[in-house]
Each structure stands twice: as C-alpha cells, then as structure tokens.
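Observations on the model geometry
For reference, the chains in residue letters:
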Amino acid sequence: MEKVSVWSSNRFWRRSATWVTGVSAVLLILLTFDSMAQMKMGTAADLKNKVDKRIPSPTVINYKIDYQLSRARGHEVPIIGGMDANGKSKYEVKEKFFGRDNYSEEEARTLIHKGKLTIQAKNCMDCHTFLGNGAYYAPDLTKAWLDPTWETLAPAYGGKEYAIAAFLQNPPAMAMHERKMPNLGITKDEAKAVVAYLKFMSAIDTNGFPRNFGKIKGAVNAWK
Ligand code: HEC
C-alpha cells in the first residue's frame, strides 16, 4: 500500500476540524456563562457583606465612591465605601445622597430607573457617551460623578449631588466650557434621578474605561 503523508490525509483534516469546532463551542459556552455571571447586578446584601461585584446594587448610592489606581490591574478601579490597606473597597463609609444614606434596594432601583428613562427620553447620547455607547461631542459621562469639578462646587450647593442637579436643570447658567450644553427642560425630580444614575454608573467596574480619565483628583499615585 502506498504510504500517504499525514498532512495530505483527509481523515486527519476531518478529525482536526471536528475537534477544533467542538472545543471552541464548549469554550464559548463556558465564556458566555462566565460573562453573564460577571455582569449580574449585585444586591444590597452583597454590599453589606462586602462582596465585590462589577455592577453593584443600586443601593451603592448610599456609599462614598472613589476611583483609585490599582497597580495590580494597571488602571483605575471604583472604590466603594472607603479603601482598605490592600487598595480594595471597604464598603463602610456612607455618604448622604440628597440628604439620605438609607435608600432601600427598591427605592434606589426606582430612582436609577427613572434616571435611565430620562437619559433615554432626552437623548443625552446624541452628545455624550455612557459605558461606551454614544457620541463624543461632549464629555464621556461614565465617570462624570467623579469629576472633581463637582467636589469644588459642592460647598456652595450643599453637596455634590445638588451641584450636578442644578447644572442639569439649567446648564448654560453654569457653563464650564466654551462648548455649552443646552437647557433640555429637565425637572427637579428628573435631575435627582439622573444624578442617581450617574452615581451608580461611576461605581461600575469598567476595567478602567474610559481610558485616561485624568480629571479625577488623586487617581494617579493614589497608592504606591
Ligand atoms: C446638544 C448636546 C448635549 C446634549 C443632548 C446633552 N449634553 Fe450634557 N453636556 C454637553 C456639553 C457641550 C457639556 C460640557 C458643558 C460645560 O462643561 O459647560 C455637557 C456637560 C454635561 C455634564 C458635566 C460633565 C462632567 O464631566 O462633569 C453632565 C453631567 C451632563 N452634560 C449630563 C447630560 C445629561 C444627563 C443629558 C441628557 C439629559 C445631556 N447632558 C445632554 C452637551 C450635551
């Protein structure tokens, strides 16, 4: 019988194709489950029990949120409720949001949902980007809650959240750049809900996206 090289054997290629397809399919299924687990929103109990979730419970609005450089990961990560000695969230330090730091899961969820509907109804994405979606005419809003500008304005408005809400209700009056945001007729209640959404969004671990959010005070050289 003539000796056929393995490289020109049909059987070899057919088997290889079957194996590669089979292994890839299994891998994709496993990765899909892994992604779904990573994207699953945490609960109020997770925050209480200090369980790290990429997408924290809506009750994260009851906590102080910082953004610190993680040496291990090579980018900034959200720090919720204070930072421990290892650069991890402590989930302890609360922060009043419109006068309260005890929003229930239901209340916080309702507020953030209203914020999301307002953002959709007013088409903020025409100009801004949220979590990678939208336009770049105006600043990326994924981490807008952490913009140090609001920290600076907080004392005059009685808190960061009040300053952002005031801006949203009449942006031209508080213009900070040459390119101005128009007045979109946002009501007081809508502004509060939008700010809740912005605060919640800033606590989502986005693997350091958007890159070079250099405006955040103390983000670089935060811990050696
Ligand atoms: C027509 C374009 C446009 C639309 C639509 C728009 N914005 Fe803006 N927005 C801007 C511009 C331009 C700025 C920068 C203005 C400034 O700093 O004075 C801005 C600034 C902001 C800031 C401050 C950003 C920061 O980094 O601190 C926030 C928050 C904001 N917008 C939220 C919203 C929300 C929420 C909506 C939808 C309800 C919205 N914007 C719709 C153009 C727009």
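Cut-offs used in this document
- Residues numbered from 1 in each chain as written.
- Predicted model: local features only at pLDDT ≥ 70, side-chain atom pairs only at ≥ 80, totals over all residues.
- Helix = DSSP H or I, 4+ residues; strand = E, 2+ residues; numbered from the N terminus.
- Buried ≥ 20, exposed ≤ 12 C-beta atoms within 10 Å, placed from the backbone.
- Contact = placed C-beta atoms within 7 Å.
- Domains from an automatic or database assignment.
- Expected span 1.5 Å × (residues − 1).
- Pairing = 2+ DSSP bridges.
- Arc of directions from axis to C-beta.

Let us now look at unusual backbone geometry. Cis peptide bonds are those with omega within 30 degrees of zero, and the linkage from phenylalanine 209 to proline 210 qualifies with -5 degrees. Of note, proline 210 is situated in the segment after helix H6 (188–202). We note that phenylalanine 98 has phi near 50 degrees; this positive angle belongs to a residue other than glycine. Structurally, the position occupied by phenylalanine 98 is in the loop between strand E2 (75–80) and helix H3 (105–121). Take phenylalanine 98: there are 16 C-beta atoms within 10 Å of it, and that puts it in the partly exposed class.

With that out of the way, let us pick up the environment of lysine 53. Relative to the helices and strands, lysine 53 is located in the loop between helix H2 (44–48) and strand E1 (65–70). The spatial distance from the C-alpha of lysine 53 to the C-alpha of alanine 37 is 9.6 Å, given a sequence separation of 16 residues. Apart from the residues within four sequence positions on either side, lysine 53 is in contact with Gly42 and Asp46.

A few words now on the domain arrangement of the chain. Considered domain by domain, the chain is made up of domain 1 (6–39) and domain 2 (44–202). Here the C-alpha centroids of domain 1 and domain 2 sit 42 Å apart.

Helix length check: H6, at 15 residues, gives a terminal C-alpha distance of 21 Å against a target of 21 Å (1.5 Å per residue), a fit within 8%. Along H6, 13 of the 15 residues are buried, which leaves the element largely enclosed by surrounding structure.

Turning our attention to the pairing of E1. Alignment of E1 against E2, held across six bridges, turns out to be antiparallel. Looking at E2, one finds that glutamine 68 is bridged to valine 77. Counting the residues in the hairpin turn of E1 and E2 gives four residues, including glycine 74, whose phi is positive at 75 degrees.

With 17 residues, H3 should reach 24 Å at 1.5 Å per residue; the first-to-last C-alpha distance of 24 Å fits that figure. Of the positions making up H3, those classed as buried are Ala108, Leu111, Ile112, Gly115, Thr118 and Ile119. Seen from one end, H3 has its buried residues packed into an arc of 115 degrees, which puts them on one side. For H3, exposure combined with an orientation more than 90 degrees from the buried face picks out Glu106, Gln120 and Ala121. Where the residues of H3 are buried, they touch H6. Following H3 by one or two positions, asparagine 123 has its phi on the positive side, about 55 degrees.

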